[in-house]
Amino acid sequence: MKFDKLPTEVADNGHVTSISGDIRREVDPNTQCGIGSFRPAFLQVFARIGAFIGIYSISGLLTSTLSVYINSQVSMLEKQFGFSSAETGLLMSCNDIGFLSCVIFAGFIARKVHIPRGLGISTILFGVCGVMCALPYFMQDHSAYEIENKPAGLGMSDNMTVVRTMGRKVPMCGNETLNGEDGCNAAAGSAQATANIQQLHIKKVAFSLIAFGMVFQGVGKSVRYPFITLYVDDAVDKRKTGFYMGILTGTGIFGPALAYLIGGLFSKIYVTLEPVDITPSDPRWIGAWWLGFLVFGACAIFFSIPIMCFPRKLKSKSRMKDLELTEKKVKSTEKKTVTQTLKHELRDFGQTIERLLRNPVYVTLVLSSVINLVGVAGVLSFMPKYLAAQYTVPLWQANIILAFSYIAAVALGSFLGGVMSRRIEMTPQKTVKLLLIFYAINFICVCSGFVLGCDQPALVGDNGKSETSSLYKSVEQSCIQGCTCDDEKYFPVCGDDGRSYFSPCHAGCTEKSAKSFTNCTCIPSGHAVPGLCDQGCSAKLYLYAGFTFIGKLFDAFKIIPTFLAKIRCVEERDRAAASAFSGFLTSALGWMPGPVIFGAVIDGTCTLWKYTCGERQSCFLYDIVFFRNAIHGYATVATAIATLIVAMLYIYFRLKGITEWREGEKIHELDKTVTVENGKDGHIYKPMETTND
């Protein structure tokens, strides 16, 4: 392995070397694959950027899948534990709370740590937290998931049987209604009181466990982009950075696609993994939401091992001078006392953030990303819920449609954006012009959602609201004479007459089989099935999916160009910090508040709530027209503001005549002199021959 002659202070690094003229051979543990003393020769073939990209792509796929998997199970969690949309939005934001607590620190220490091992440890943390999120399922008695009432077993009291099955009791015409007077009084000792109090307790425990799991997932996620950005950018020629980051980003974004796809399949399996007689359209259905957390968590732990075996730095000759100069600066701080080092690092940290905040191009790019992500995060978090409510499809189908139309487009777009950044010289004006085009196409596609929706289904069942709301229709009292229907027990059924009824009781049904209801006196044929009736607008669903695919494809084209612009518009020494600080701001002001804000907006579209002991739980029924306008109005406003900000940046570039990102930091080619900044000193080097990465 050939190196150009190094300055004396850099070459004197303590490594075992053999020098002959201008040729130096060295055995540096920091450039060898392995852990500790285990560094066999057969592993050294993997000490190249291609191998790292390939293996970490799998790990990144698993960790990003685990992060987003909860989005695919929002409806299941709300149904089982009684969470509101605002509460599930907060759970999703917990991921970003953990991310924010560490991301800036991660960017600051990136130069000082063994990056592959840091990435491996973060992957293990992901896996452990995934298992933690599945624990609420195992804490609850499995008999609580039983569908039908069963006689008391040996050693089981009658009250306990009622408690375990009461939540699944179908409101039929002629059913005995339980007395709710002591429903929340534990001293009364009633079965209903025990069930309600137990439900509220389990809700709190489940929320806490999932929240902690998501927070620590965010901690693990915080090191990803600062570490990878530095590791890849140090290992390859600058022109190739965007290409490799596009691969990593593209495969990482395929994680959400996999999360929604597998989430859809798991939603089709009943929560106990046992065969049951009901279908996913039944209001009692709860999918196996916990299974994905276990599967992806275990896989993440397994794939963390090969990541930790990669060397501290990859031997790319074109970047070796840069690394050695930086290492010299890092080692010089090790000779100082702890107090001196701390003061020095804090001063450096403050100066770095100040330089970033005083960079108008960087601030503008981050601001546009933040505003755009406020809309993206909110919509993405609840899109499965929206599709299921808007088009009356089961959650598993909504997840699969979303996986192919939304997430797959983002993954493909981010990869193609990386290829484009390698093929096209991304000058400032050209980059911003492309961003404007991508924003405009996405804006048009988002607006199509205002018209591609269904009409609100009218429920037959007085419920005391038929005179004040168009969402309800009065039921003829003659067909439900003798039925003591509870207007608080929502269990929608679809009659053969094409009308949706508030419950089997409101349809006059007195008999039921495994998958249907019969002898329904309000329905001419006397037959009904669980769930709301199909609205007959499936054509709009697939047209909407098509517009979504196109919009998100172009929206994702800008991911890599925007990323490269953020690290090219700052000084060389600030690249890792720029990536970390950008991640901090987009999470703090975009990803974190987005789901919480939008969850509250969705709760505002609810027309029928479930209550337990006077405490509001999950929503039974939404005003889907209001829901549709809210979700697309939210996304449209965010996209429009972000587009205007990017347009202002383009005007700024034109007026100032800016054609390069930074003076003296042009993309270098072979046999040209490049400037490498190191603190206040400037060093001129002749580029060395590059390796075939």
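Residues numbered from 1 in each chain as written. Predicted model: local features only at pLDDT ≥ 70, side-chain atom pairs only at ≥ 80, totals over all residues. Heavy atoms only, no water.

Novice: Outline the confidence of the model for the protein, listing residues and values.
Specialist: Averaged over all residues, the pLDDT of the protein is 78; the fraction at 70 or higher stands at 79%. Least confident of the elements in the protein is strand S13 (residues 681–685), whose mean pLDDT is 32; most confident is strand S5 (residues 493–495), at 93. Confidence drops under pLDDT 50 across residues 1–25; counting only partners more than four residues distant or on other chains, this segment forms 40 contacts. When the criterion is pLDDT under 50, residues 149–167 qualifies, and its contacts beyond four places in sequence or with other chains add up to 26 contacts. (pLDDT = per-residue confidence, 0-100. Helix = DSSP H or I, 4+ residues; strand = E, 2+ residues; numbered from the N terminus. Contact = heavy atoms within 4.5 Å.)

Novice: Describe helix H16 (residues 538–557), and please don't skip the residues or the numbers.
Specialist: Over its 20 residues, H16 runs 29 Å from end to end, which matches the ideal 28 Å to within 8%, given 1.5 Å per residue. Looking only at H16, the buried set comprises Leu 541, Tyr 544, Ala 545, Thr 548, Gly 551, Lys 552, Leu 553, Asp 555, Ala 556 and Phe 557. On its buried face, H16 sits against helix H13 (360–391), helix H14 (395–423), helix H15 (428–447), helix H17 (559–568) and helix H20 (624–656). (Expected span 1.5 Å × (residues − 1). Buried < 20%, exposed > 50% of the residue type's maximum accessible area, 1.4 Å probe, protein only.)

Novice: Tell me what's going on with the packing of H15 against H20, and back it up with residues and numbers.
Specialist: With their axes 9 Å apart at the nearest point, H15 and H20 run at an angle of 160° to one another. Judged by the angle between their axes, H15 and H20 are roughly antiparallel. Between H15 and H20 lies a crossing whose hand is left-handed. Of the residues in the contact of H15 with H20, the class split is 16 nonpolar, six polar and two charged. (Axes fitted to C-alpha atoms, helices over the stretch in contact; angles between N-to-C directions. Parallel < 35°, antiparallel > 145°, perpendicular 65-115°, else oblique. Left-handed = near helix turned anticlockwise from the far one by under 90°. Nonpolar A, V, L, I, M, F, W, Y, C, P; charged D, E, K, R; others polar.)

Novice: Let's hear about the pattern of salt bridges: which residues, and what values?
Specialist: A complete count under the given rule lists 10 salt bridges for this structure. Across the pair Lys 203 and Glu 87 runs a salt bridge, and its minimum N-O distance is 3.5 Å. Of the two residues, Lys 203 is situated in helix H7 (residues 191–221) and Glu 87 in helix H4 (residues 85–109); the sequence distance between them amounts to 116 residues. We note a salt bridge from Arg 358 to Glu 354, for which the minimum N-O separation is 3.5 Å. (Salt bridge = Lys/Arg side-chain N within 4 Å of Asp/Glu carboxyl O.)

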